[in-house]
There are 4 protein chains.
Amino acid sequence: MIVILKDGTKQEQVIKLQQYFEGMGLRIHMSQGENSTIMGLIGDTTRVDDELIASLDAVEAVRRIQEPYKNANRKFHPADTVVDAGGVKIGGGYFQIIAGPCSVESETQMITVARAVKAAGATLLRGGAFKPRTSPYAFQGLHEEGLRLLLKAKEETGLPIVTEIMDAAHLPLFEQVDVIQVGARNMQNFELLKELGKLRKPILLKRGLANTLQELLMSAEYIMAGGNEQVILCERGIRTFETATRNTLDLSAIPVLRQMTHLPVIVDPSHATGVSRLVKPMALASVVSGADGLMIEVHNDPRHALCDGAQSLTPEAFADVAEQVRQVLPFRCRTL
Amino acid sequence: MIVILKDGTKQEQVIKLQQYFEGMGLRIHMSQGENSTIMGLIGDTTRVDDELIASLDAVEAVRRIQEPYKNANRKFHPADTVVDAGGVKIGGGYFQIIAGPCSVESETQMITVARAVKAAGATLLRGGAFKPRTSPYAFQGLHEEGLRLLLKAKEETGLPIVTEIMDAAHLPLFEQVDVIQVGARNMQNFELLKELGKLRKPILLKRGLANTLQELLMSAEYIMAGGNEQVILCERGIRTFETATRNTLDLSAIPVLRQMTHLPVIVDPSHATGVSRLVKPMALASVVSGADGLMIEVHNDPRHALCDGAQSLTPEAFADVAEQVRQVLPFRCRTL
Amino acid sequence: MIVILKDGTKQEQVIKLQQYFEGMGLRIHMSQGENSTIMGLIGDTTRVDDELIASLDAVEAVRRIQEPYKNANRKFHPADTVVDAGGVKIGGGYFQIIAGPCSVESETQMITVARAVKAAGATLLRGGAFKPRTSPYAFQGLHEEGLRLLLKAKEETGLPIVTEIMDAAHLPLFEQVDVIQVGARNMQNFELLKELGKLRKPILLKRGLANTLQELLMSAEYIMAGGNEQVILCERGIRTFETATRNTLDLSAIPVLRQMTHLPVIVDPSHATGVSRLVKPMALASVVSGADGLMIEVHNDPRHALCDGAQSLTPEAFADVAEQVRQVLPFRCRTL
Amino acid sequence: MIVILKDGTKQEQVIKLQQYFEGMGLRIHMSQGENSTIMGLIGDTTRVDDELIASLDAVEAVRRIQEPYKNANRKFHPADTVVDAGGVKIGGGYFQIIAGPCSVESETQMITVARAVKAAGATLLRGGAFKPRTSPYAFQGLHEEGLRLLLKAKEETGLPIVTEIMDAAHLPLFEQVDVIQVGARNMQNFELLKELGKLRKPILLKRGLANTLQELLMSAEYIMAGGNEQVILCERGIRTFETATRNTLDLSAIPVLRQMTHLPVIVDPSHATGVSRLVKPMALASVVSGADGLMIEVHNDPRHALCDGAQSLTPEAFADVAEQVRQVLPFRCRTL
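Each chain carries its own residue numbering, running from 1 in the written order of its sequence. Written order determines the labels here, with chains lettered from A and ligands numbered from 1. Residues qualify for local features only when their pLDDT is at least 70, as the model is predicted, and side-chain atom pairs are given and counted only at 80 or more; totals for whole chains, interfaces and linings, by contrast, use all residues.

## Quick look at the overall build of chain A
- Only runs of H or I of at least four residues qualify as helices and only runs of E of at least two qualify as strands under DSSP, and these elements are numbered from the N terminus. Counting its regular elements, chain A contains 10 helices and 14 strands.
- Dimensions along the principal axes, computed over C-alpha positions, put chain A at roughly 75 × 40 × 40 Å.
- Between the buried cut of 20 or more and the exposed cut of 12 or fewer other C-beta atoms within 10 Å of a residue's own C-beta lies the partly exposed class, and all C-beta atoms are placed from the backbone. Burial status across chain A gives 58% buried among its 336 residues.
- Two residues qualify as a contact pair if the distance between their C-beta atoms, derived from the backbone, is within 7 Å. Partitioning the intrachain contacts of chain A with sequence separation of at least 6 by distance along the chain shows that 67% fall at a separation of at least 24.

Spelled out as structure tokens, the structure:
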């Protein structure tokens, strides 16, 4: 870590800073330039608070060399992590497709969709029982009953299940869930992350709408610091000025994360774009960019034409996407 | 609510949509243009899911006329809400200054700062016992002990206290807290908001780093829908491309919110800018923009020069800000 | 176009508005809701100024149904435009790779790179003679001499050339240039666009760093309104909070633009990411997303190792990318 | 300037870099850390291209200590610049209000507004003759005739005039204009900036919609590098996710710029917010934040009720704002 001091910083301030850093067990390498002084901090700087240091009167700028994440860092763990999600492997070359409806609505719906997506090639089943909604007046999910229906669908089809948690207090209900999802809005719900760190179960962590990749890894680090190393990262679009899509899918995040971390990275093109016709091109683009998996919304309700055209695909459209995905899979670009 | 249908939408799709909206208790007013059809939905559209409707194949665009928030809406509640924060009033002309350290560190620190800010004119005391930190390796606050020290400082000075909650599971510890703060990263932690809606105690709700004012009001609506109408909104800067400040303080949010809602609006210039020398000009600008209060970080540790220049002010600098604030208070621009 | 009036708008204001719109040759369809009035404007609303109307006291909101662009609109021109770029076709199924160095530096450099990229499969040659640089102290390009060297390289290899213009006053120098490029920072340099509209030569228009796709099409419309319909659009990354890449490549822009417009859309993964190792995955992702072409930076200066690792590829790395691109080309997702 | 090299960079690459920097006349101070090497560059690094260096294979990160702007830098020019705008001083304690209509429309309009704003306290007159419009179909201004009418209004009232230029080719028409404005969309039209650098006349440079303050200063530097030191900076709102206002006014930019540069800084609350009722609170907030002036849109057309409520104020509303501005002027926060 490099700390650049301002012109004219008094010697006593420099000494105070030195003592502060030495008190944290760091060694200091001073370098005197023409009109600035540079402190190089040597040792484990993970615990140094960049923002605090940067805001000091004497400090012009702070520059980390060592990344602030350790457990998630590929430098200290060169081999890809392979997550075992209820018997299905993700990462390290293993590619999976998670599919299912946005919300769990009924037993018939879940079992029909589960069978359809399995037949089309999905290897995990998704469905929301707890739904984060901007409005308190919108449908909030079936909760406990929704989890029961998901487990029923798992029993019927053998597909491991992925579903979202919104509060650590609900954890007892998630015991038989294979992969616990943390939504974008909870990416920095640190108390929840700490609780998930105590589990030994895969966590699917979605990137927040205005968060950087380093912040995503710092949130993964919260889970991993607790001892749970089974984290799957998910790119799901970020907020930009563009209004033609719900969010902007950041596909360069995939090869960038591959270099930063050993954790598997999947993409959710349904939520990122919010438009069903964009799911296929973005799914294929995710695959060639090197993704370890996809998460795709599929609905199945022939009588309920209302949902046509939403971000969800019909099972037939999903089968077409899954088939195309298989065809471009050999072209995945996975070099570091 | 206006739903604009695409060119060439089939009559059967139009009828399905009509039936769907009628099933929600809405009346429909159809208007046929040259190459588009417009549905006007009449009645309580709060429960209509804009995103779902907008994503339908047949729909070109959706436009709300009625805002999706009711309890927070000034249209249905023209008079300013005055929040009683431990005996101190905020809103409806009452202006308050909340001051105190970023983190609660020790009894001496808390009591010294509390006395100093009280002497300088602060009317509420702030201090963090639970600290949301990007890194799991950073100091996370004194927790229960921190709350105890805050209450001690309240006892000594009589200042009501404001402190942040990060998980509803901690609520039992907050019983004697006067104002419970929800941080920017938890603005859309909906499960937490629902729990706070069950209380009858003021909630200080900070705007998320990339959230719109309507989203802020929807989060206030979560609390209010539970019956807790004592919500104070706080502008604390949003994420932009600018790097010279930590965030960008959005001061036009104050007069805009004044028109949208009857809730009091305060500003936190310390966190918004991250630079102590910017606190004074931004505090004054907040006041003339019509803010109902300020939240300012003040530290007090003469031996601990490390923190000089951080976003925190010394008690002396705070006294100067508070004095200037009093002078510009007559120029607050509070017309709707 | 829908104009939604505010509650309590006076009848005389409504009549003034009606007269104003009728004066523009529009017919008006009024629709009276419970607490709002909706005006539907029928006819050619291209000349209506949305922002002006939206800012009127009486107006709650304005919603376009008809897009504000006509010449670029696929609705009025369903077939793909095929641009002839010096004998090479782009769009409508034709896919091309534009390659070459960032800046034209010398005759040897240009001819060596031109031969190398041609051998690897590039079909157009790029190179900057006028360079937009943030700093006035940075190298600004070889100007007239640079254009001469580009033409020399064209003569040697037969590759048509693409190069950037920064001021309409330089147009006389661009007579023999095959495709004139407008950079991201000039996307809304309207005087330049108008001058380019007078030409009958392909224009490659890059998206601005913080511009929406509709704004990009409005800039294309400036060129097309002058009678020049040979416009190629280029996605080159937008500004976001992410710092791991120079900009964020917005690949969903490709299928979205395909629906909005009949103009060809290409992608510049070199400038978008600013990192050479990301060029390959993003090039492949662009192709499967449906792009009509790629623009890739290639340098060739074995003695000048300084540039290794910049956003430019070596000719060998470029040949590998071009080969992979050919392999995924059959998987381009080009459905509307 | 600090260049941080990656782990495992080969000695020969280090030597090449050293030679490259030495070739630019810089001295190098090497500092060897545990797992990284830091190069400190000493001398005039203004000409070093950060982006190029940062993108090299061997380089982990680049950090400027010296700012890349010289002429605009307060470090090298501690005293405030006072710009003489047609006899009226701005900066260094002098505060001015520029007012007038968005577009010049007719002689009657210009003279009526000019007299009204002068009576209310404006000291410069604004009006657009060349209008940058997103759509080619929108009114583009009266051009030469508009400039003639502005000069007529100046003759009548004695107010110096401020008006926007969109292309250097129009410069001959601007000979008698007192202050030439560069709009937000042209902030990085570098060819235009270079031409303006050749003049000896005040330039009002507006910040681009998604540009940082450093980028704004680099654009000022383009003008100043040509020898024209009379640059006035203007904050006019940046693009954010918020939709309640047209742009987000960044008021912390004022005290931040005051430290970075000696140039005067003014604020345009009319364009920033796009809503007339927000002009007053944002004008007052700008003043206490330390602005050197305001630029406010005022229209005057009692028969043309259409424009009521737009971003323009009536002369009466403007007189009220001007009066309030005078009252808060003593509270301007101008400390560095």
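## A word on the interface of chain B and chain A
- Counting residues at the interface gives 42 residues for chain B and 44 residues for chain A.
- Elements with a minimum of two residues in the side of chain B that touches chain A: helix H1 (11-22), helix H5 (190-197) and helix H6 (213-225) of chain B.
- Considering each element in turn, the side of chain B that touches chain A owes the most residues, 5 residues, to H6(B).
- The classification used treats Ala, Val, Leu, Ile, Met, Phe, Trp, Tyr, Cys and Pro as nonpolar, Asp, Glu, Lys and Arg as charged, and all other residues, Gly among them, as polar. Residues belonging to the side of chain B that touches chain A are distributed by class as follows: 21 nonpolar, 10 polar and 11 charged.

## Looking at the sheet that holds strand S3 (residues 37-42) of chain A
Residues and elements named next belong to chain A.
- Being paired, for any two strands, means DSSP has found at least two bridges between them. Taken together, 4 strands build an open sheet; the order of strands is S2-S3-S1-S4 and the sheet is antiparallel. Bordering the open sheet on either side are strand S2 (27-32) and strand S4 (59-63), each of which pairs with just one other strand. Recorded for the sheet is a direction-independent mean angle of 20° between the axes of neighbouring strands.
- As paired strands, S2 and S3 are joined by 6 bridges and run antiparallel to one another. Axis angles are defined between N-to-C directions and span 0 to 180 degrees, where every axis is a line fitted to C-alpha atoms and, for a helix, only to the segment in contact.

## With respect to the nonpolar core
- Ile296(A), Ile296(B), Ile296(C) and Ile296(D) are the most contacted members of the largest nonpolar core, which has 368 residues in total.
- The residues contacting Ile296(C), other than those within four sequence positions of it, are Ile97(C), Ala99(C), Pro269(C), Ser270(C), Val279(C), Ala283(C), Leu313(C), Phe318(C) and Val321(C). Definition of nonpolar core: a set of buried Ala, Val, Leu, Ile, Met, Phe, Trp, Tyr and Cys residues joined via C-beta atoms within 7 Å.

## Details of the environment of Asp7(C)
- Relative to the elements of secondary structure, Asp7(C) occurs in the loop between strand S1 (2-5) and helix H1 (11-23).
- Each C-alpha atom of the pair Asp7(C) and Val59(C) lies 9.2 Å from the other, and the pair is 52 residues apart in sequence.

## Here we look at helix H5 (residues 190-197) of chain A
Residues and elements named next belong to chain A.
- Here H5 lies mainly inside the structure; 7 of its 8 residues are buried.
- Those residues of H5 that fall on the buried side of the exposure criterion are Phe190, Glu191, Leu192, Leu193, Glu195, Leu196 and Gly197.
- Looking at the buried side of H5, the elements it contacts are strand S10 (179-182), strand S11 (203-206) and helix H6 (213-225).

## Structural notes on the domain arrangement of chain A
- A domain assignment, automatic or from a database, supplies the domain bounds used here. Per the domain assignment, the segments of chain A are domain 1 (2-63) and domain 2 (74-331).
- Inter-centroid distance (C-alpha atoms) of domain 1 of chain A to domain 2 of chain A is 42 Å.

## Some details on the relation of the copies chain C and chain A
- Once chain C has been moved 0.0 Å along the axis and rotated by 180°, it coincides with chain A to within an RMSD of 0.1 Å. On the angle and the small slide along the axis, the relation comes out as a two-fold axis. No C-alpha of chain C lies nearer the rotation axis than that of Ala285(C), which sits 2.1 Å from it.
- In this assembly, 100% of the residues forming the interface of chain C have copies in chain A that are likewise at the interface, indicating an isologous arrangement. Copy-to-copy superposition: least squares on the C-alpha atoms, limited to residues that have pLDDT of at least 70 in both copies.

## A look at the interface of chain C and chain A
- Each partner contributes to the interface: chain C provides 32 residues, whereas chain A provides 32 residues.
- Residue assignment for the side of chain C that touches chain A shows that the elements contributing at least two residues are helix H7 (253-260), helix H9 (279-289) and helix H10 (315-328) of chain C.
- Taken together, the residues of the side of chain C that touches chain A break down into 18 nonpolar, 11 polar and 3 charged.

## Description of the pairing of strand S12 (residues 231-235) of chain D
Residues and elements named next belong to chain D.
- In terms of burial, S12 is a largely internal element, 5 of the 5 residues being buried.
- Residues of S12 alternate between two faces, with Val231, Leu233 and Glu235 on one and Ile232 and Cys234 on the opposite face, all of them buried.
- Judged from the 4 bridges that link them, strand S11 (residues 203-206) and S12 form a sheet pairing that is parallel. Residue pairing for S12: Lys206 is matched across the bridge by Cys234.
- In terms of strand pairing, S12 meets strand S13 (residues 265-267) through 3 bridges, oriented parallel. Among the inter-strand pairings, Glu235 is bridged to a residue of S13, identified as Val267.
- For the segment spanning S12, helix H7 (residues 253-260) and S13, crossover handedness is right-handed. A crossover counts as right-handed when, viewed with the strands pointing away from the observer, the path leading from the first strand over the helix to the second turns clockwise.

## Overview of the packing of helix H3 (residues 107-120) of chain C against H10(C)
Residues and elements named next belong to chain C.
- In contact at an axis separation of 9 Å, H3 and H10 are set at 25° when each is read in the N-to-C sense. When the interaxial angle is binned, H3 and H10 end up roughly parallel. Regarding H3 and H10, the two cross each other, and that crossing is right-handed. Across from Ala116, Val117 and Ala120 in H3, the residues of H10 making contact are Pro315, Phe318, Ala319 and Ala322.
- Across the contact of H3 with H10, the residue classes break down as 7 nonpolar, no polar and no charged. Any angle that falls under 35 degrees is termed roughly parallel, while one over 145 is termed roughly antiparallel, one within 65 to 115 roughly perpendicular, and all others oblique. Left-handed is the label given to a crossing in which the near helix is rotated counterclockwise from the far helix by less than a right angle, and right-handed is the label when the rotation is clockwise.

## Quick look at the sheet that holds strand S10 (residues 179-182) of chain B
Residues and elements named next belong to chain B.
- In spatial order, the strands read S7-S8-S9-S10-S11-S12-S13-S14; together these 8 strands close into a barrel with parallel pairing. Recorded for the sheet is a direction-independent mean angle of 30° between the axes of neighbouring strands.
- For strand S8 (residues 124-126) and strand S9 (residues 161-165), the ladder comprises 2 bridges, and the chain directions are parallel. In the sheet register, Arg126 faces S9, and the bridge partner there is Val162.
- Set on the sheet, H6 makes contact with strand S11 (203-206) and strand S12 (231-235); between it and S12 the angle comes to about 160°.

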